[in-house]
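Descriptive structure summary
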Amino acid sequence: MSAALTLAPPVSRRLKSLAAILILLALWEVAARLFVPGVNPIIPPPSVLVTYVARHAGLLLISVQPTIVAAISGFCIGASISIVLAVIFVRFPTVEAALANSVVLLHALPMLAIIPLLVIWFGIGYTPKIIIAALATFFPVLNGALRGLRSSERSTLELMHILDAHWLQTLTKVKIPFALPYIFAGLKIAAPQAVLGATVAEWIGSRSGLGSQILIALLNYDVPLLWACMVACALLAATGFCLILLIEYLVIGRRSEPLREED
Amino acid sequence: MAMAEIGAPAAASRSGAYRFALRWGSPIFVLLIILAWQAATTLWQIPIYILPKPTDLVTGFVRNAGMLSRGWGITVLEASAGFIIGNVVSIAVAFLVTWSPTARAGIMPLALAIKSVPMVAITPLITLMVGFGHSTVVTVAAVVCFFPTLVNVSRGLKAAPRSQVELFRILDANPWQLFWKLRLPYALPYLFTALRITAPAAIGGTMLAEYVASNAGLGYLIQDSYTQFRFVLVWQVVIVATLTTLAAYLTVAHFERRLLARHRK
Amino acid sequence: MSDVSIVLEGVSKTFVDGANRVHAVERVDLAIARGEFVALIGPSGCGKSTVLRMLGDLESPSTGSVTIDGVSPGEIRKRRQIGMVFQEANLLPWRSVYDNIALPLEIAGKSAVPGARSIDDLLELVGLKDFRDALPWQLSGGMRQRVAIARALVLNPKVLLLDEPFGALDEITRNRLNIDLLKIWTEVGITAVLVTHSISEAVLMSDRIFVMSPRPATITTTIPVTLPRPRTAQMQRAPEFFDLVARTGEALYRPFETEAA
């Protein structure tokens with residue numbers, strides 16, 4: 001199949017989706033103005049939200065910044081640890097066998113519940129947020145990296161054996177390149193999770209950031225602020241996702257057409 | 001929480017040490033941590049508010065048993081209700097989306113847009129719309145379950161290979177036969193993937209909602225015990241919540257293994 | 001000529017999988033001369049690949065001994081004197097044709113391989129000069145196998161192990177590649193062991209055919225291929241060729257026929 005043929009449907013589908021979103025926004029505007037009147041409606045029309053965001057851009061930027069910092073730091077830390085751990089697991093299966101269930105147990109820890117403990121240990125500030133964002137990143141990336149590091153074709157590994165390659169050579173020249181699409185799949189799941197983790201942590205463990213702004217808005221019944229925070233939160237998550245997508249394209253985009261056709 | 005990869009290494013090394021590690025690694029590891037924890041807290045006399053001794057947690061369990069079990073019961077009820085409602089609605093929408101391209105064009109972009117909004121941001125809004133209390137908590141748990149199931153099931157309903165669909169067409173099968181004998185068996189693994197994700201997520205979502213929008217349940221208990229500086233109770237809630245999440249995951253995984261035994265070689 | 005390169009003496013291989021023991025290979029003896037081209041043929045799943053994999057140090061024999069030039073396959077492997085072509089080309093998808101062929105050089109460390117061939121010469125040899133910078137997905141299946149052959153030869157190995165190298169290709173492509181492979185083999189002068197389940201391929205390529213029985217695999221018949229070299233595509237229509245195909249086929253199918261009787 002030629003590139004043009006495979007590209008054609010998604011573009012038209014994307015246009016349709018865009019049209020659908022625009023129609024929905026229009027419906028929302030009309031419905032909100034007709035059915036949810038009042039000074040401070042629970043569902044404000046999009047136009048009100050846009051003007052609100054424009055007016056309070058400064059405040060929003062100030063609240064978004066700490067969340068971004070925490071999410072990015074946590075994301076980088078969590079992703080690095082999980083990739084290193086995945087390499088260790090794949091190199092030493094016995095270590096994985098011994099720790100596997102404990103890692104799953106760690107995964108079952110409810111984020112919300114450990115935030116207070118982190119605040120007790122590290123105080124209000126960046127540390128609890130970063131740890132939570134790192135934890136949220138850790139599992140999707142570990143899962144992707146493990147799957148990816150095991151995805152190398154068996155005969156390719158046998159070829160490396162015949163060439164008497166050192167395991168580090170096999171790792172860097174075969175296993176990691178084969179694992180990259182899987183690692184990026186994990187990173188794409190993890191990026192919005194890191195934003196979510198940092199924001200939840202700000203509910204409890206911070207006086208700054210989007211999370212605490214959301215709580216303030218809720219307590220003050222400031223509906224437009226709440227909506228603005230929600231949109232900001234969604235945008236942050238989406239931006240993180242797109243950033244990883246871009247990096248993925250730059251790193252492995254040229255590998256093959258067939259590989260990228262799915263998804 | 002698709003942890004399928006962890007603990008599933010390639011068939012390579014199945015040595016005695018490996019099998020021993022797989023069987024006993026985690027119990028030993030957890031035991032060692034508890035022992036080290038007890039030893040450290042005793043030896044360095046760490047204050048209870050920084051790190052309570054494991055023995056403190058156990059003895060405290062008896063004292064807090066009533067509060068914990070009440071909170072646990074409410075959380076499990078709310079999470080189960082949300083889990084069932086969210087998944088049932090989501091499966092219905094998945095069918096709609098699979099059979100009607102118009103519905104697909106209208107619903108999927110919206111679903112994906114909402115899906116990208118983190119729950120922390122949606123929960124307060126749902127609180128405003130639904131009001132303080134159980135119904136908000138159940139709604140949040142249902143919303144948490146909705147999207148993973150929608151994405152997975154709508155993918156699963158299209159998972160049957162084209163050649164087999166054509167075989168059914170040649171055999172002149174009616175739509176019901178096509179569904180029961182072909183589409184459903186292919187969709188089941190996708191459904192279970194979704195359930196494995198949503199069962200623990202429902203509990204997380206429930207606690208999140210209880211934290212802001214309820215005065216009962218484990219999520220509320222976290223907020224309450226933390227603001228009252230009852231740190232032993234915080235720890236106990238952490239333990240109860242972790243074990244509950246784990247149990248939810250393992251239950252679904254168990255059913256999956258039993259129902260899908262035939263799918264695997 | 002006839003100094004011996006590969007020797008298998010009383011080689012057996014048993015796989016243990018839990019309580020099951022599978023006898024894959026049973027008492028195989030064979031000697032292959034330096035520069036010879038031999039084929040191992042047998043029904044699928046008979047264990048012929050296991051024999052080849054023992055030569056490549058991918059398996060070790062349960063009993064008996066395998067030597068290449070008087071030392072173990074492991075030793076030969078550490079000297080990087082084994083070239084192997086698998087059924088799938090298994091090229092690394094992110095590397096160009098040139099970089100894929102260069103992989104063994106990188107693994108060995110360039111300075112450590114005095115006998116290494118020039119990649120450009122190899123590209124010429126396998127007829128891919130114009131595809132030097134192409135990525136694997138831009139090549140056809142046959143071209144990918146050519147790259148795999150070039151990669152197997154880059155360290156100038158002493159033995160070339162071919163595990164059904166063209167098994168996944170259509171017959172027309174396969175025939176052309178076989179003739180080209182023979183040309184390459186003549187030019188390089190290397191001991192080659194081909195595992196195949198195609199009778200005509202075995203006859204066309206080899207000096208001797210070892211026919212193997214179903215599991216546990218053992219060599220039932222050795223057929224010397226008397227066709228002159230260089231072999232050509234036209235030879236496949238000669239009476240001697242058909243005669244050899246018939247004899248190989250007879251040896252190959254005999255175990256099944258006695259079983260049925």
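Residues numbered from 1 in each chain as written. Chains lettered and ligands numbered in written order. Predicted model: local features only at pLDDT ≥ 70, side-chain atom pairs only at ≥ 80, totals over all residues. Heavy atoms only, no water.

A separate point is the UniProt feature "transmembrane region" (unreviewed entry) in chain A. Under the present numbering, the feature "transmembrane region" (unreviewed entry) in UniProt falls on residues 68-92, 104-124, 130-149, 182-205 and 225-251 of chain A. Spanning residues 130-149 of chain A, this segment combines 100% helix with 0% strand, and its end C-alpha atoms are found 27 Å apart. (UniProt positions renumbered as here; feature names shortened; annotations may be inferred. Helix = DSSP H or I, 4+ residues; strand = E, 2+ residues; numbered from the N terminus.)

Further remarks concern the sheet that holds strand β5 (residues 82-85) of chain C. Residue and element names in this part refer to chain C. The six strands are arranged β5-β6-β7-β3-β8-β9 in an open sheet whose pairing can be described as mixed. Of all the strands in the sheet, just β5 and β9 (219-224) have a single pairing partner and so form its edges. The mean inter-strand angle of the sheet, taken between neighbouring strand axes irrespective of direction, is 15°. Across four bridges, the pairing between strand β3 (residues 37-41) and strand β8 (residues 208-212) is parallel. Residue pairing for β8: valine 38 is matched across the bridge by arginine 208. On the sheet, helix α5 (residues 141-153) packs against β5 and β6 (159-163) and is oriented at approximately 170° with respect to β5. (Pairing = 2+ DSSP bridges. Axes fitted to C-alpha atoms, helices over the stretch in contact; angles between N-to-C directions. Contact = heavy atoms within 4.5 Å.)

UniProt records the feature "domain: ABC transmembrane type-1" (unreviewed entry) for residues 60-248 of chain A in the present numbering. Overall, residues 60-248 of chain A shows 89% helix and 0% strand. The separation of its end C-alpha atoms is 30 Å.

Let's shift gears to the interface of chain B and chain A. Each side of the interface is counted separately: chain B has 52 residues, and chain A has 52 residues. Applying the counting criterion to the chain B and chain A interface returns zero salt bridges. Counting across the chain B and chain A interface gives two residue pairs in polar contact (both at pLDDT 80 or more). Sorting the residues of the side of chain B that touches chain A by element identifies α1 (16-43), α3 (101-115), α4 (119-130), α7 (175-213), α8 (218-227) and α9 (231-259) of chain B as the ones contributing at least two each. Top element by residues in the side of chain B that touches chain A is α4 of chain B. It accounts for nine residues. In terms of residue class, the side of chain B that touches chain A is built from 42 nonpolar, nine polar and one charged. (Salt bridge = Lys/Arg side-chain N within 4 Å of Asp/Glu carboxyl O. Polar contact = N/O pair within 3.5 Å; in protein donor to acceptor, adjacent residues only side chain to side chain. Nonpolar A, V, L, I, M, F, W, Y, C, P; charged D, E, K, R; others polar.)

This brings us to the packing of aromatic side chains. For any pair of aromatic rings, the description consists of the separation of the ring centres together with the inter-plane angle of the planes. Following the criterion strictly, the structure yields 14 aromatic pairs over all chains and no others. When the centroid spacing of 5.4 Å and the interplanar angle of 45° are considered together, the rings of tryptophan 28 of chain A and tryptophan 227 of chain A count as tilted. Residue tryptophan 28 of chain A is located in helix α1 (residues 3-35), and its partner tryptophan 227 of chain A is located in helix α10 (residues 223-252); the two are separated by 199 residues in the primary sequence. On the basis of relative accessibility, which here comes to 27%, the residue tryptophan 28 of chain A falls in the partly exposed class. Tryptophan 227 of chain A gets classed as buried once you look at its relative accessible area, which sits at 7%. With a centroid separation of 5.5 Å and an interplanar angle of 55°, the aromatic rings of phenylalanine 95 of chain B and phenylalanine 179 of chain B are classed as tilted. (Phe/Tyr/Trp six-rings, centres within 6.5 Å; stacked < 30°, edge-to-face > 60°. Buried < 20%, exposed > 50% of the residue type's maximum accessible area, 1.4 Å probe, protein only.)

All right, on to the nonpolar core then. If you look at the biggest cluster of nonpolar residues, it comprises 118 residues, and the most contacted ones within it are Leu112, Leu187 and Trp203 of chain A together with Met207 of chain B. Examining the composition of this core, we find that 15 residues originate from one element, helix α8 (residues 167-205) of chain A, more than from any other. Grouped together as the second largest cluster of nonpolar side chains are 96 residues, Ile6, Leu52, Ile179 and Val211 of chain C included. (Core = buried A, V, L, I, M, F, W, Y, C linked by side-chain atoms within 4.5 Å.)

Residue and element names in this part refer to chain B. Mapped onto the elements of the fold, threonine 41 is located in helix α1. Its relative accessible area of 0% is what places threonine 41 among the buried residues. Within the structure, the side chain of threonine 41 is placed 2.9 Å from the backbone oxygen of glutamine 38, a separation counted as a polar contact. Discounting residues that sit within four places of it in the chain, threonine 41 has contacts with Ile46, Leu51, Pro52, Lys53 and Pro54.

As a further point, take the UniProt feature "domain: ABC transmembrane type-1" (unreviewed entry) in chain B. Mapped onto the present numbering, the UniProt feature "domain: ABC transmembrane type-1" (unreviewed entry) falls on residues 72-256 of chain B. Regarding residues 72-256 of chain B, the helix share stands at 88% and the strand share at 0%, and the terminal C-alpha atoms are separated by 25 Å.

Okay, the domain arrangement of chain A next. Segmentation of chain A into domains returns domain 1 (1-35) and domain 2 (44-261). For domain 1 of chain A versus domain 2 of chain A, the separation of C-alpha centres amounts to 28 Å. (Domains from an automatic or database assignment.)

Counting residues at the interface gives 22 residues for chain A and 24 residues for chain C. On the chain A side of the interface with chain C, the three residues burying the most area are Ile162, Leu163 and Lys173 of chain A, jointly 28% of the side's total. On the surface where chain A and chain C come into contact, there are three salt bridges. Note that lysine 173 of chain A is salt-bridged to glutamate 106 of chain C, the shortest N-O span being 2.8 Å. Summed over the shared surface of chain A and chain C, the number is ten residue pairs in polar contact (both at pLDDT 80 or more). Those elements that place two or more of their residues in the side of chain A that touches chain C are α7 (154-162), α8 and α11 (257-261) of chain A. Looking at the side of chain A that touches chain C, the element that brings in the most residues is α7 of chain A, giving eight residues. Each residue belonging to the side of chain A that touches chain C can be placed in one class, and the counts come to nine nonpolar, five polar and eight charged. (Buried area = accessible area lost by both parts, 1.4 Å probe.)

Bringing helix α9 (residues 209-219) of chain A into the picture now. Among the eleven residues that make up α9 of chain A, nine are buried, leaving the element largely enclosed by the rest of the structure. Considered for burial, the residues of α9 of chain A that qualify are Gly209, Leu210, Gly211, Ser212, Gln213, Ile214, Leu215, Ala217 and Leu218 of chain A. Where α9 of chain A is buried, its residues meet α3 (57-91), α8 and α10 of chain A together with α4 and α7 of chain B.

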